[in-house]
Amino acid sequence: MWGRGALLGTRTPSLAWGRGWSAAAPCSAPAEPSRVRALIYGHHGDPAKVVELKNLELAAVGGSDVHVKMLAAPINPSDINMIQGNYGLLPKLPAVGGNEGVGQVVAVGGSVTGVKPGDWVIPANAGLGTWRTEAVFSEEALIGVPSDIPLQSAATLGVNPCTAYRMLMDFEQLQPGDWVIQNASNSGVGQAVIQIAAALGLRTINVVRDRPDLQELTDRLKSLGAEHVLTEEELRKHEMKNFFKDMPQPRLALNCVGGKSSTELLRHLAPGGTMVTYGGMAKQPVIASVSQLIFKDLKLRGFWLSQWKKDHSPGLWVPRQSGSVGLSPHNCPVQGADPHAVRSHRPRPAHSARLLRGPTAGLRACLGSLNAALRVFEADSHHVLIAEELE
Ligand SMILES: NC(=O)c1ccc[n+]([C@@H]2O[C@H](COP(=O)([O-])OP(=O)(O)OC[C@H]3O[C@@H](n4cnc5c(N)ncnc54)[C@H](OP(=O)(O)O)[C@@H]3O)[C@@H](O)[C@H]2O)c1
C-alpha cells in the first residue's frame, strides 16, 4: 500500500484549476516541509483495487495559493463513481480521491486576500481531491466557511445541502405548507431536504427502504423535521389513496433512486407537478406512464450541482456575509437571495447544526470497497474520513 507517489506536489489532479506557478513568497510559511499522505488512483476501476495510499511532496505556495491542512472529508457516492469512471466529470489521472471536505489554512501566498491562516475552507467545485492530509490549492478553488460550526457539518456542507436547497427552490414555486415527496430520504441529500424543507415551512413525505430498524430511522428523520416516513412498499399500497384524501398532493418530487421507486413518486404527484431526478441509486431508468404525462402533465427534470455551479457565477452563489452556515447564509448557493430568508421562515430553531448524515447502507458499501486503503490511512494520520467514523 505504501509507496512513493508518482504525483509530486499536491496541486496535481485538478479538474477545475490548472494555473501556472507564481514565485511570490507565502504570507506565513510552515515550519518545515511536511509529508503529505493521500489516497490516489492511477486508473479507473474498483476502488478497493485501484485506490492506494501514497506519499506526496507538498508543492511550494505560490502568490495566489493557499496551503491547507485537511481536517475531515466524507465519502460520497459520486467519489466512488468518479473512481470507477462512471461520473459526469472525471479528473486527469493519477488523481487524489474525494470531492468534499473541510481544511484549515496553514499559509497563504502574497496575493491571497480572501482567506488567512487559521480559516476553514471547503472546495468550491468537485475534483479537488480531498482525501489527503495537506495540499496547496489555488485561492479560487476554495471557499471560506466559519470555523465555529461542527467539523462534520463543515465537511459535508458543499454538496448535499446545496443540492437539496436548489431542488427545493428552483423547480416549483412552493409556499409554506406545501408538500414535497422524496425517496432515499435517509440519504445525505434526503436528510438535508428534510431539514431545509422544514426550515422553509414545507412539509415532507419521506420514502425509505424497509429495514429491521425502521422505527429508529423514522424517529431520527422525524427529529430532523420529516412529517411522514413511509416505506417503498407502503407507498405502493392501494390505501395510499386515502393518505392523500385530506391533504393536497405534492407538487415536487425528488428522485434519488430511479426504477419503480420513481414511478411511485410520479403516481402521487399533483397534476402539473415536477419530479426532479438527481441520483440513480437503483441503476434503473425512470419510467413514467403515458397517462401520467398526458392526463397529469407531469414534468420530468434533472439536477446536477456541478452544472448549476458552471451556469451561475460564484459571485452570485457565495454570499459574502458571515453568519450561521447551517442552511443558507454562507455556502448553500443562494442566487440573488436574501441569505437570511431561509432562517426567517424557520418554524423551529436549531436544525442548522444538524446537516449530518447518519450511516446508510450505500455509504457502508462505499466504505467496504475502500476499507483497506482507509484503514491504513486512518492509522497513519489524524485525518478524519467521515464514513469511517460512522461504521
Ligand atoms: N445531482 C447532484 O447534483 C447530486 C448531488 C449530491 C448527490 N447526488 C447523488 O445523490 C445520490 C445520493 O447521494 P448521498 O450522498 O445522499 O448518498 P448516501 O447518503 O450514501 O445515501 C444513499 C441512499 O441511496 C439509497 N440506496 C442505495 N442503493 C439503493 C437501491 N438499490 N435502491 C434504492 N435506494 C438505494 C440508500 O438507502 P438505504 O439506506 O436503504 O441503503 C440511501 O438512502 C447519489 O446518487 C449521489 O451521486 C447528486
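Here we summarise the structure given alongside this text. (Residues numbered from 1 in each chain as written. Predicted model: local features only at pLDDT ≥ 70, side-chain atom pairs only at ≥ 80, totals over all residues. Heavy atoms only, no water.)

When you go through the protein chain residue by residue, the secondary structure sums to 15 helices and 17 strands. Across the 391 residues of the protein chain, 54% fall into the buried class. By element, 53% of the accessible surface of the protein chain is carried by carbon and sulfur atoms, the whole surface being about 16,700 Å². (Helix = DSSP H or I, 4+ residues; strand = E, 2+ residues; numbered from the N terminus. Buried < 20%, exposed > 50% of the residue type's maximum accessible area, 1.4 Å probe, protein only. Areas by Shrake-Rupley, 256 points an atom, 1.4 Å probe, with all protein chains shown as cover.)

A word on the packing of aromatic side chains. Enumeration over the complete set of coordinates arrives at 3 aromatic pairs. Ring centres 6.3 Å apart and planes at 85° place the aromatic pair F171 and F303 in the edge-to-face group. Of this pair, F171 sits in the loop between α4 (160-170) and β10 (179-182) while F303 is found in the loop between β16 (299-302) and α11 (305-311), placing the two residues 132 residues apart along the sequence. Each member of the pair, F171 as well as F303, is classed as buried. Measuring from ring centre to ring centre gives 5.1 Å for F243 and F244, while their planes differ by 80°; the resulting arrangement is edge-to-face. Overall, the relative accessible area of 10% leaves F244 in the buried class. (Phe/Tyr/Trp six-rings, centres within 6.5 Å; stacked < 30°, edge-to-face > 60°.)

What follows deals with helix α6 (residues 214-224). Residues that lie three or four places apart on an α-helix share one face, since the helix turns once every 3.6 residues. Every buried residue of α6 is accounted for by L217, T218, L221 and L224. Along the axis of α6, the buried positions cluster into a sector of 120°, meaning they face one direction only. Residues of α6 that are exposed and point more than 90 degrees away from the buried face comprise Q215 and E216. Against α5 (188-200), β11 (203-208) and β12 (228-231) lie the buried residues of α6. (Arc of directions from axis to C-beta. Contact = heavy atoms within 4.5 Å.)

Taken together, 26 residues surround the ligand, and among them N186, G188, R211, F303 and L305 come closest. The contact in question runs from an oxygen atom of the ligand to an N or O atom on the side chain of R209, over 2.8 Å. For the ligand, a nitrogen atom lies 2.8 Å from a polar atom in the backbone of F303. Its free accessible area being 920 Å², the ligand has 89% of it covered by the protein chains. Contributions of two or more residues to the shell around the ligand are made by α4, α5 and α14 (361-380). Counting residues per element, the shell around the ligand draws most heavily on α14, at 3 residues. A breakdown of the residues in the shell around the ligand according to their chemical character gives 14 nonpolar, 9 polar and 3 charged. (Near = heavy atom within 4 Å. Polar contact = N/O pair within 3.5 Å; in protein donor to acceptor, adjacent residues only side chain to side chain. Nonpolar A, V, L, I, M, F, W, Y, C, P; charged D, E, K, R; others polar.)

Inspection of the secondary structure assignment puts T231 in strand β12. Residues within four places of T231 in sequence aside, it is in contact with V207, V208, D210 and L214.

What follows is about unusual backbone geometry. Cis geometry marks the peptide bond from L93 to P94, where omega comes out at -5°. By the secondary structure assignment, P94 is in the loop between α2 (77-84) and β5 (95-96). Here A184, not a glycine, exhibits a phi torsion of approximately 45°, which is positive. Its relative accessible area of 15% is what places A184 among the buried residues. The backbone of K283 shows a phi angle near 55°, a positive value even though the residue is not glycine. Position of K283 among the secondary structure elements: in the loop between β14 (274-277) and β15 (284-286). Judged by its relative accessible area of 72%, K283 is exposed.

Turning our eyes to something else, we now look at the nonpolar core. As a rule of thumb, soluble globular proteins bury nonpolar side chains together. If you look at the biggest cluster of nonpolar residues, it comprises 25 residues, and the most contacted ones within it are M167, L168, L252 and L254. Counting only elements with at least two residues in this core, the list comes to α4, α5, β13 (252-255) and α11. Residues within four places of M167 in sequence aside, it is in contact with V189, L252, L254, V276, Y278 and F303. Within the second largest apolar cluster, 15 residues are counted, among which are V207, L230, L235 and L266. (Core = buried A, V, L, I, M, F, W, Y, C linked by side-chain atoms within 4.5 Å.)

Glancing now at the pattern of salt bridges. Tallying each qualifying case throughout the model produces 9 salt bridges. D46 is the salt-bridge partner of K49, the closest N and O atoms lying 3.9 Å from each other. The class for K49 is exposed, based on a relative accessible area of 69%. Classification of D46 by relative accessible area gives partly exposed; the value is 34%. (Salt bridge = Lys/Arg side-chain N within 4 Å of Asp/Glu carboxyl O.)

The subject of this paragraph is the sheet that holds β12. Read across the sheet, 6 strands follow the order β12-β11-β10-β13-β14-β16 without closing on themselves; strand pairing throughout is parallel. Each having just a single partner strand, β12 and β16 make up the two edges of the open sheet. Strand-to-strand twist in this sheet, taken as the mean axis angle between neighbours without regard to direction, amounts to 20°. Relative to β14, β13 runs parallel, the two sharing 4 bridges. Bridge pairing in β14 links A253 to M275. The strands touched by helix α9 (residues 259-267) within the sheet are β10, β11, β13, β14 and β16, with β13 carrying the most contacts at an inclination of about 175°. (Pairing = 2+ DSSP bridges. Axes fitted to C-alpha atoms, helices over the stretch in contact; angles between N-to-C directions.)

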